[in-house]
Amino acid sequence: MKKRIVKKHPLAIRWFHWINFPVLTIMIWSGLLIYWANDIYRLGWGDTTVIKFFPKSFNDALHIPFHLSTGMAFHFFFMWFFFLNGLLYVLYTIFSGEWKYLLPNRHSFKEAWLVVLHDLHIRKTAPPQDKYNAAQRIAYTSIVVMGMGSVITGVAIYKPIQFQWLCTLCGGYEAARIEHFILTLGYAVFFLVHIVQVMIAGWNNFQAMVTGFEVEKYNEPETIPEPQPDTIETPKA
Amino acid sequence: MTPPPKNKKAAKTPTVEQQIRRRTLSSFSVFFFSLTIGGLLFYKLYNQPQSADNVQPVLRKGLNANERIFSRLFSQKRNARSFKKKDAVAHVRVNGGVGMDGTLDTATWRLRIARKPGDTLQLTLSELMALPKTEVVFDFKCVEGWSQVTWWGGVRFSDFMAKYGLTPQMAARYVGMETPDGDYYVGNDMPSMLQPQTLLCYEMNGKPLPQDQGAPLRLIIPVKYGIKHLKRIGVIFFSSERPKDYWAEQGYDYYAGL
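Being a predicted model, the structure only gives us computed values, none of them experimental.

Each value, and the rule that gives it
Residues numbered from 1 in each chain as written. Chains lettered and ligands numbered in written order. Predicted model: local features only at pLDDT ≥ 70, side-chain atom pairs only at ≥ 80, totals over all residues. Helix = DSSP H or I, 4+ residues; strand = E, 2+ residues; numbered from the N terminus. Contact = placed C-beta atoms within 7 Å. Core = buried A, V, L, I, M, F, W, Y, C linked by C-beta atoms within 7 Å. Buried ≥ 20, exposed ≤ 12 C-beta atoms within 10 Å, placed from the backbone. Domains from an automatic or database assignment. Axes fitted to C-alpha atoms, helices over the stretch in contact; angles between N-to-C directions. Left-handed = near helix turned anticlockwise from the far one by under 90°. Nonpolar A, V, L, I, M, F, W, Y, C, P; charged D, E, K, R; others polar. Expected span 1.5 Å × (residues − 1). Parallel < 35°, antiparallel > 145°, perpendicular 65-115°, else oblique. Pairing = 2+ DSSP bridges.

Enquirer: Would you mind showing me how to read the overall build of chain B here?
Expert: Counting secondary structure elements, chain B contains 6 helices and 10 strands. Over its C-alpha atoms, taken along the principal directions, chain B stretches across nearly 100 × 45 × 35 Å. Contacts spanning at least 24 positions in sequence make up 66% of the contacts within chain B whose residues lie at least 6 apart.

Enquirer: Help me understand the overall build of chain A, please; the structure alone is not making it clear to me.
Expert: Counting its regular elements, chain A contains 9 helices and 4 strands. Along chain A, from the amino end to the carboxyl end, the secondary structure elements read β-α-β-β-α-α-α-α-α-α-α-α-β. In terms of overall dimensions, chain A has a C-alpha envelope of 70 × 40 × 35 Å along the principal axes. For chain A, contacts bridging at least 24 residues in sequence account for 67% of all contacts bridging at least 6.

Enquirer: Would you mind going over the nonpolar core with me for this structure?
Expert: Ranked by size, the top nonpolar core spans 69 residues in total, and within it Ala73 of chain A together with Met177, Leu199, Leu200, Cys201 and Leu219 of chain B carry the most contacts. At 9 residues, the largest contribution of residues to this core is made by helix α3 (residues 68–96) of chain A. Once you skip the residues sitting within four places of it in the chain, Ala73 of chain A turns out to touch Val55, Leu59, Leu63 and Gly251 of chain B.

Enquirer: Please clarify how the domain arrangement of chain B should be interpreted in this entry.
Expert: Many authors give the size of an interface as the accessible area that is lost as the parts come together. Taken domain by domain, chain B consists of domain 1 (15–47) and domain 2 (57–249). The straight-line distance from the C-alpha centre of domain 1 of chain B to that of domain 2 of chain B is 52 Å.

Enquirer: Hey, could you run me through the packing of α3 of chain A against helix α2 (residues 57–73) of chain B in this one?
Expert: Each pair of packed helices gets described by two things: the angle between the helix axes and the distance between those axes. Viewed as axis vectors pointing N to C, α3 of chain A and α2 of chain B meet at an angle of 65 degrees, and their least axial separation amounts to 9 Å. Here α3 of chain A runs over α2 of chain B; the crossing is left-handed. Together, Ala73, Phe74, Phe76 and Phe77 of chain A of α3 of chain A and Leu59, Gly62, Leu63 and Asn66 of chain B of α2 of chain B make up the contact between the two elements. The class makeup of the residues in the contact of α3 of chain A with α2 of chain B is 6 nonpolar, 2 polar and no charged.

Enquirer: Before we go on, may I ask you to explain helix α1 (residues 11–35) of chain A in this structure?
Expert: What sets the pattern is the α-helix's 3.6 residues per turn: residues three or four places apart point alike. All names here are of chain A. Between its terminal C-alpha atoms α1 stretches 36 Å, which fits the 36 Å expected from 25 residues at 1.5 Å a residue. Within α1, burial applies to Val23, Leu24, Met27, Ser30, Gly31, Leu32, Leu33, Ile34 and Tyr35. For α1, the secondary structure elements touched by its buried residues are α3 and α8 (173–201).

Enquirer: Any chance you could explain the interface of chain B and chain A here in plain terms?
Expert: With 37 residues of chain B at the contact, the number on the chain A side is 34 residues. Of all the secondary-structure elements, those providing two or more residues to the side of chain B that touches chain A are α1 (16–46) and α2 of chain B. Looking at the side of chain B that touches chain A element by element, the count peaks at 10 residues for α1 of chain B. Taken together, the residues of the side of chain B that touches chain A break down into 18 nonpolar, 12 polar and 7 charged.

Enquirer: What should I look at first to understand the packing of α1 of chain A against α3 of chain A in this one?
Expert: Residues and elements named next belong to chain A. Between α1 and α3, the shortest axis-to-axis distance is 8 Å and the interhelical angle comes to 155 degrees. As judged from the angle between their axes, α1 and α3 are roughly antiparallel. Considering the relative orientation of α1 and α3, their crossing is left-handed. For the contact of α1 with α3, a count of residues per class yields 19 nonpolar, 7 polar and no charged.

Enquirer: Hey, could you run me through unusual backbone geometry in this one?
Expert: Comment: phi is negative for the bulk of residues other than glycine, and the bulk of peptide bonds are trans. Following Phe53 of chain A, the chain continues into Phe54 of chain A via a peptide bond in cis, with omega recorded as 0 degrees. By the secondary structure assignment, Phe54 of chain A is in the loop between β3 (48–52) and α2 (56–61). With phi around 60 degrees, Phe66 of chain A is a residue other than glycine that occupies positive phi space. Along the chain, the position of Phe66 of chain A falls in the loop between α2 and α3. Look at Phe66 of chain A and you get exposed, because 11 C-beta atoms sit within 10 Å. Of note in the backbone geometry, Ala256 of chain B takes a positive phi value of approximately 50 degrees without being a glycine. Inspection of the secondary structure assignment puts Ala256 of chain B in the segment after α6 (246–249). Here Ala256 of chain B falls in the buried class, since 24 other C-beta atoms lie within 10 Å of it.

Enquirer: Can you walk me through the sheet that holds strand β10 (residues 235–239) of chain B in this structure?
Expert: Sheet strands pair by backbone hydrogen bonding; their relative direction is either parallel or antiparallel. Residues and elements named next belong to chain B. Strands sit in the order β2-β1-β10-β5-β6 across an open sheet of 5 strands; the sheet is mixed. Here the strands that pair on one side only, and so sit at the sheet edges, are β2 (119–123) and β6 (185–189). Averaged over all neighbouring strand pairs, the angle between strand axes comes to 25 degrees, with direction disregarded. Pairing of strand β5 (residues 174–178) with β10 involves 5 bridges; the strand directions are antiparallel. From the neighbouring strand, Glu178 faces β10, where its bridge partner is Val235.

Enquirer: I tried to follow the pairing of strand β7 (residues 199–204) of chain B on my own but got confused; where do I start?
Expert: Side-chain positions along a regular strand alternate between the two faces of the sheet. Residues and elements named next belong to chain B. Burial runs high along β7: 5 of the 6 residues are buried. Bridging between strand β4 (residues 147–156) and β7 involves 5 bridges; their strand directions are antiparallel. Residue pairing in the sheet places Gly154 in a bridge with Cys201 of β7. Of the strand pairs in this sheet, β7 and strand β9 (residues 218–220) are connected by 3 bridges, and their pairing is antiparallel. Bridge pairing in β9 links Leu200 to Leu219. Here β7 runs beside strand β8 (residues 207–208); their pairing, made up of 2 bridges, is antiparallel. Across the sheet, the residue bridging to Met204 is Lys207, located in β8.

Rendered as structure tokens:
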């Protein structure tokens, strides 16, 4: 067995990814500080509450209460970093051609099921893939759409009169606030699944998000055949 | 896919193993270095000593920069959405009592307008009520995140300014207001004050303003968060500098525009 270096993530994408992670964390944290001042959302019906957003223990553990002004000051500072980083990422994927690996194609929605079944060990084989499998394409495109959603609903809440058309587009001021909140819950879910998948995929996959390359092992014939898509095991995450 | 490395060329070419090690090391060095710098910057920002206005100076600069951007986008033509009177809530939330100690006697109360230093105009409520009345039904928004459709009546601030010959004062950048006891005070930029929905308000839900809503006269300024809608106006003055503002001193955004 010999090893070779296979390029995976362009430098720009690695920077966008690792800038976004702490910035989004700050946005969610400062968002919690703001949300606390009017924490009315819950899952339930009538007088029955299944989940309250958020329980006292959660708020106390994260030192959330009574920091509304701090939350607003941080949120309206780091929003620019979140927005600009996201915008540059989208522009980069468009102009570099990376979008071709990231955008779902007409097979993706059918294939994503097979990927999920494979991940759950229900199906033996995974469908052939490029840099990202069908489920990843959907997930990584959804997260960008969600990011745009956060910006749109965010502006609608931030300047509901100057950007009244955006507020109307969101279904009104209170609807925009709910949507902004649900999107944040979505990031939390994405994060959990993402972390689990990265852990399952292993070190080689993870380190590629830092180094940009993966190490590929191959048997050594004198002439190495051009690898066929269905013979390459590309780890997921 | 990269073509297979041609490492048979020269003896000096590092082996694949060496290349992997070298590139991993350098990438992770940059990664951890950046992580440390980012972490330190955030730590410094978070722990930066707060100024007298209760917020980290860098974040205050951020809020002020946002004001410069969004006040440029502000247009007096953009009104807060109007609702029907029947959509207004009967029980209007009372969310602050600073500067509202005791009951105020409307008969002895006077609105004092400091036109110039040493030149104060004094008006009674009936003098203000003699001016044309304007009503607004809009979604009142609190900085805390709640909102309520509420119905207010009073004299448009711009009408009041015009009627009392205060056109020269319109050139000032800010309008300051204080409660009679001086405990609560706000500053608002002139463009927002002259927006046609901004009222010197003496009525709520078609009835005289209740005490806890700031009788006899309060500010209603729909293009701002509730913290700017000063209740129980005592003094109005004009300034080229930011007048002091109660909640801005507590670390909130001075502009607070919607």
